[in-house]
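The lines below spell out each chain.
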Amino acid sequence: MSGYFKDKEPKELKRRIFTANVFVLLAFFVILVRFWYLQIKESDHYRELALNNATRLVKATAPRGSIYDRLGVKLAGNRPGFDLYLVPEDAKEWDKTKEALKRLVDLDGETIDERLRMSKGRPPFQAVRLKEDLSWEETVRIESFKFEMPGIFLDVSPKRSYLFPESTAHLIGYIAEISEREMADQQSGGYSPGDLIGKYGMEKSFEDELKGIGGGKEIEVDALGRKIRVVKWTPPYPGNNMKLTIDARTQLAAWAALKDKVGAAVAIEPRTGKILAMVSAPSFDPNAFSSGISKEDWKEIIENPFNILNNRAIQGLYPPASTFKPIHAAAALEEKVITSSTIIHSGPSFRYAGRDYRDWKESGHGNINVHRAIVESSDTFFYQVGLKVGIDRLAGYTKGFGFGSRTGISLPNEKTGIVPSPEWKKAALGARWYEGETISVSVGQGYMSATPLQLAAAYAAIANGGTLYTPGLVESITSPAGKVIKTFEQGQGKRLPVSEGTLRLVKDALRGVVHEEGGTAHFLSAGNLKIAGKTGTAQVARLIKRTKNIETIAYKYRDHAWFAGFAPYDDPKIAVVVLVEHGGFGASAAAPVAREIFKAYLDPDGSATGATGAGKPDVLNIAVPATDEGTGVSND
């Protein structure tokens, strides 16, 4: 028996030793394969991780191009500001760091989490911007405690600065952090989470020209992620600069006269179609967006009952009311429905199909021709003429003056307005047209609607003798070095569908509105501005009786107030349109605003109007002009 076990022991031992050797060899093989994988196959990846552990890449935002007015006054530029960054991989005891940040800066936990969520998919050790444009107090607090918060650091970047914020907000617009949807739309545009992009106005329309090319720096850090030195610096390249057609003095005067109202003002150079001023009120501060607007401030803006983000100059749609009468007159004259000598009785009302259509003047205007009908703004005259012209012909001429389509201005979200006709009503409402609706359209009411810019372009065309231009906003684009890259010249424009003789008759009537007795804007004749124009009162609700005391009417039922005109009437240099929402009467609410705009552009030193205080005022310090309601103004 003992011999038997003796023979078995060596064999068992050998088998165990063999098995152990196999396991050892396999273990060494796995280790060798792992070494090969780490040091050869994935060497570049781990070399990059090791490098990132010692260095950090921080993007450098390119300064956006500056924006100037036609005379070189800066409207938008840049200033330095501190941003707060986090490298999540360096953050130790993140929960404590997060609580410390909430105490040191105006930053809530929800915002921090959202910024980190937006940064998912970024390269390792790439910094995430938590907050832009820290205040001086916040900057000092972060600098004082940053050694207790590994992964946190500050960096300087350019911030957008709007020098005349509220007066140019709707025109120039604002920039803000790019959204996820915009990121998806801009995949080839070189944007990344946290970048700023034009969101509104010209900042949006000319994003590609203004944005510049970003740079960056490589920073060496210690084991706690604290900066030791800058290893490499690639400077950003600024965006291109823009020179606008806007006249800063006129823009500021328009804002000063309109800012306490709700409405819009547009000024155009008739001979070129260039925009001299464009204002929408109420307004907002675009600087708040470029600095990172708070949720509370954003909520206040979007819940404002006056819809302050709406650019009323290009997006507000209103019945043009009596400002449409000169265009109606041009159509009737051109179609030979009337002549300059045709006399029509304009009573206090016009009866048609069993209904009375009233005139604004209770006593009527008597027997008048088209010149006096425009001067006195007779409703009953144009009721009768409108029926003779017919809605189809009237709609055709209205479109010929640019209504019912976008003007083509280089701003986003321009509205088209409505030129009503039987064809339009059938398509839009599925209903037939009634002749009573033609009567409403004949005085710019009913379904008809237009933007202040459309009306301004039409009156500029009347002023220049019949050329309807696409409104221009940009004179030129230049490189950061000052080289002109592109200039914007106005095209030939579109010819109005009326003769020069007809336009002369219309222009003379518009002069009479201001400079003849009984004209609805006769009080504007004071001074030597030589204004020609037309007032308008757009009915919002049907009232039993209209009153000059609009304070007795609920705000939402008050009529909209218009003024449209140009000056000087014998050599037009500026055309102006003003719309005051629920302002009551054009003569008392809109015309005084227009006068201040005319004065700012044509008479800056007050010599033509006899204003006191000689000398040219500083464009940066224009005083708020007092609006003169005038005496003896009409209801229109």
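Residues numbered from 1 in each chain as written. Predicted model: local features only at pLDDT ≥ 70, side-chain atom pairs only at ≥ 80, totals over all residues. Heavy atoms only, no water.

**So, the overall build of the chain**
Worth spelling out the cut-off: Only runs of H or I of at least four residues qualify as helices and only runs of E of at least two qualify as strands under DSSP, and these elements are numbered from the N terminus. The buried label goes to any residue with under 20% of its type's maximum accessible area, the exposed label to any with over 50%, and the partly exposed label to all in between, with areas taken from a 1.4 Å probe on protein chains only.
Summing up its helical and strand segments, the chain has 22 helices and 23 strands in all. Of all 636 residues assigned to the chain, the portion counted as buried reaches 51%.

**Thoughts on the sheet that holds strand 21 (residues 532-538)**
Rules: Only strands joined by at least two bridges in the DSSP assignment are considered to pair. For every element, the axis is a line fit to its C-alpha atoms; helices are fit only across the contacting stretch, and the angle between N-to-C directions ranges from 0 to 180 degrees. Should any heavy atoms of two residues lie within 4.5 Å, those residues are counted as being in contact.
With antiparallel pairing, the five strands of this open sheet are ordered in space as 12-11-23-22-21. Each end of this open sheet is capped by a strand with a single partner; those strands are strand 12 (274-281) and strand 21. Strand-to-strand twist of the sheet, defined as the mean angle between neighbouring strand axes without regard to direction, takes the value 5°. Where strand 22 (residues 560-567) and strand 23 (residues 574-580) come together, seven bridges link them in antiparallel fashion. Note that in strand 23 the partner of Phe563 across the bridge is Val578. Relative to strand 21, helix 21 (residues 500-515) is tilted by about 75°, and along the sheet it contacts strand 21 and strand 22.

**Topic: the nonpolar core**
Rule in force here: Here, the term nonpolar core denotes a set of buried Ala, Val, Leu, Ile, Met, Phe, Trp, Tyr and Cys residues that are joined through side-chain atoms within 4.5 Å.
Among the nonpolar cores identified, the biggest contains 132 residues, and Met278 and Val578 are the most heavily contacted of them. With 10 residues, the single largest contributor to this core is helix 20 (residues 452-464). Core analysis: the second largest hydrophobic core is formed by 16 residues, Ala100, Leu101, Leu104 and Leu107 among them.

**Some remarks on the side chain of Thr398**
Basically, it comes down to this: Polar contact is defined as a pair of N or O atoms within 3.5 Å, subject to the rule that within protein one atom must be able to donate a hydrogen and the other to accept it, and that residues adjacent in sequence are counted only when both atoms are side-chain atoms.
Within the secondary structure, Thr398 sits in helix 17 (residues 391-400). What makes Thr398 buried here is its relative accessible area of 2%. A polar contact is formed between the side chain of Thr398 and the backbone oxygen of Leu394, at a distance of 2.7 Å. Those residues within four positions of Thr398 in sequence are excluded, and the remaining contacts are Phe324, Phe403, Val419 and Met448.

**Some remarks on the environment of Leu309**
Within the secondary structure, Leu309 sits in the loop between helix 12 (295-302) and helix 13 (312-315). Note: C-alpha distance between Leu309 and Pro282 (27 residues apart in sequence) is 8.7 Å. Contacts of Leu309, omitting those with residues within four sequence positions, involve His170, Tyr200, Phe284, Trp298, Ile301, Ile302 and Gln315.

**Points about the environment of Ala532**
Considering the arrangement of structural elements, one finds Ala532 in strand 21. Given the relative accessible area of 0%, Ala532 is considered buried. Here the alpha-carbon distance between Ala532 and Ala463, two residues 69 residues apart in the chain, equals 9.2 Å. Among all residues touching Ala532, those that are not within four sequence positions of it are Leu510, Arg511, Val514, Phe563, Ala564, Gly565, Phe566 and Tyr569.

**Looking at the packing of aromatic side chains**
Inclusion rule: Centre distance within 6.5 Å is the pairing criterion for rings of Phe, Tyr and Trp, where only the six-membered ring of Trp is used; planes under 30 degrees apart are then read as stacked, over 60 as edge-to-face, and the remainder as tilted.
Applying the stated rule across the entire model yields 14 aromatic pairs. Between Tyr174 and Phe284, the aromatic rings sit 6.0 Å apart at their centres with planes inclined by 85°, giving edge-to-face as the arrangement. Placement of the pair is Tyr174 in the loop between helix 6 (165-172) and strand 6 (175-177) and Phe284 in the loop between strand 12 and helix 11 (287-290), with a sequence separation of 110 residues. The burial state of Tyr174 is the same as that of Phe284; both residues are buried. For Phe284, a relative accessible area of 3% puts it in the buried group. Clustering of aromatic rings is evident, with ring pairs tying together Tyr174, Tyr200, Phe284, Phe289 and Trp298.

**Points about the environment of Val105**
Along the polypeptide, Val105 turns up in the loop between helix 3 (94-104) and helix 4 (109-118). Between the alpha carbons of Val105 and Leu134 there is a distance of 7.9 Å; along the sequence they are 29 residues apart. Those residues in contact with Val105 that lie beyond four places of it in its chain are Leu84, Leu134, Glu138 and Ile142.

**Some thoughts on a nonpolar patch on the surface**
Stated precisely, the cut-off is as follows: Surface patches are defined over residues having more than 30% relative accessible area and no salt bridge, joining like charges when they lie within 9 Å and nonpolar side chains (Val, Leu, Ile, Met, Phe, Trp, Tyr) when within 5 Å. Working definition of accessibility: Shrake-Rupley area with a 1.4 Å probe, residue cover restricted to the visible protein chains. Criterion for a salt bridge: a side-chain nitrogen of Lys or Arg within 4 Å of a carboxyl oxygen of Asp or Glu.
A surface patch of nonpolar side chains, about 510 Å² in accessible area, is lined by Phe29, Val30, Val33, Trp36 and Ile40. Structurally, Val30 is set in helix 1 (residues 2-41). A residue is classified by how much of its surface remains accessible, and Val30, at 53% relative accessible area, is exposed.

**Focus: the packing of helix 14 (residues 325-334) against helix 21**
Any two packed helices are characterised by the angle at which their axes cross and by the distance between the axes. In plain terms, the rule: Here is the rule for handedness: rotate from the far helix to the near one, and if that takes an anticlockwise turn smaller than a right angle the crossing is left-handed, while a clockwise turn gives right-handed. Amino acid classes used here: Ala, Val, Leu, Ile, Met, Phe, Trp, Tyr, Cys and Pro are nonpolar; Asp, Glu, Lys and Arg are charged; the rest, including Gly, are polar.
Close contact between helix 14 and helix 21 brings their axes to 10 Å; oriented N to C, the two are set at 145°. Note that helix 14 runs across helix 21; the crossing there is right-handed. Residue-level contacts link Pro326, Ala330, Leu333 and Glu334 of helix 14 to Thr502, Leu505, Val506 and Leu510 of helix 21. Of the residues assigned to the contact of helix 14 with helix 21, the class counts are six nonpolar, one polar and one charged.

**Observations regarding the side chain of Asn310**
Along the chain, Asn310 falls in the loop between helix 12 and helix 13. Asn310 gets classed as buried once you look at its relative accessible area, which sits at 17%. Other than its neighbours up to four places away in sequence, Asn310 contacts His170, Tyr200, Ser280, Gln315 and Gly316.

**Section: helix 21**
Just so we agree on the cut-off: One fewer than the residue count of a helix, multiplied by 1.5 Å, yields its expected span.
Given a rise of 1.5 Å per residue, 16 residues ought to cover 22 Å, and the 22 Å separating the end C-alpha atoms of helix 21 matches this to within 8%. When helix 21 is considered as a whole, its buried residues turn out to be Thr502, Leu503, Val506, Ala509, Leu510, Gly512, Val513 and Val514.

**Some thoughts on helix 5 (residues 136-145)**
Worth spelling out the cut-off: The directions considered for the arc run from the helix axis to the C-beta atoms.
Every buried residue of helix 5 is accounted for by Glu138, Thr139 and Ile142. Here the buried residues of helix 5 occupy an arc of 100° about the axis, which is enough to place them on one side. Each element contacted by the buried residues of helix 5 is listed here: strand 3 (74-86), helix 3, strand 4 (128-131) and strand 5 (152-162).

**What to know about the packing of helix 20 against helix 21**
This is how the line gets drawn: Note that the term roughly parallel is reserved for angles under 35 degrees, roughly antiparallel for angles over 145, roughly perpendicular for angles of 65 to 115, and oblique for everything else.
Two elements in contact, helix 20 and helix 21, have axes separated by 9 Å at closest approach and are oriented at 110°. One way to sum up the angle between helix 20 and helix 21 is to call them roughly perpendicular. Here Tyr459, Ile462 and Ala463 of helix 20 come into contact with helix 21, specifically with Leu503, Val506, Lys507 and Leu510. Split by residue class, the contact of helix 20 with helix 21 holds six nonpolar, no polar and one charged.

**Concerning the pattern of salt bridges**
Enumeration according to the criterion identifies 33 salt bridges in this entry. Between Glu177 and Arg115 there is a salt bridge, with the nearest N and O atoms lying 3.2 Å from each other. Linking Glu177 in strand 6 with Arg115 in helix 4, this pair joins segments that are 62 residues apart in sequence. Within the structure, one salt-bridge network assembled from shared partners comprises Asp83, Arg115, Arg129, Glu132, Lys159 and Glu177.

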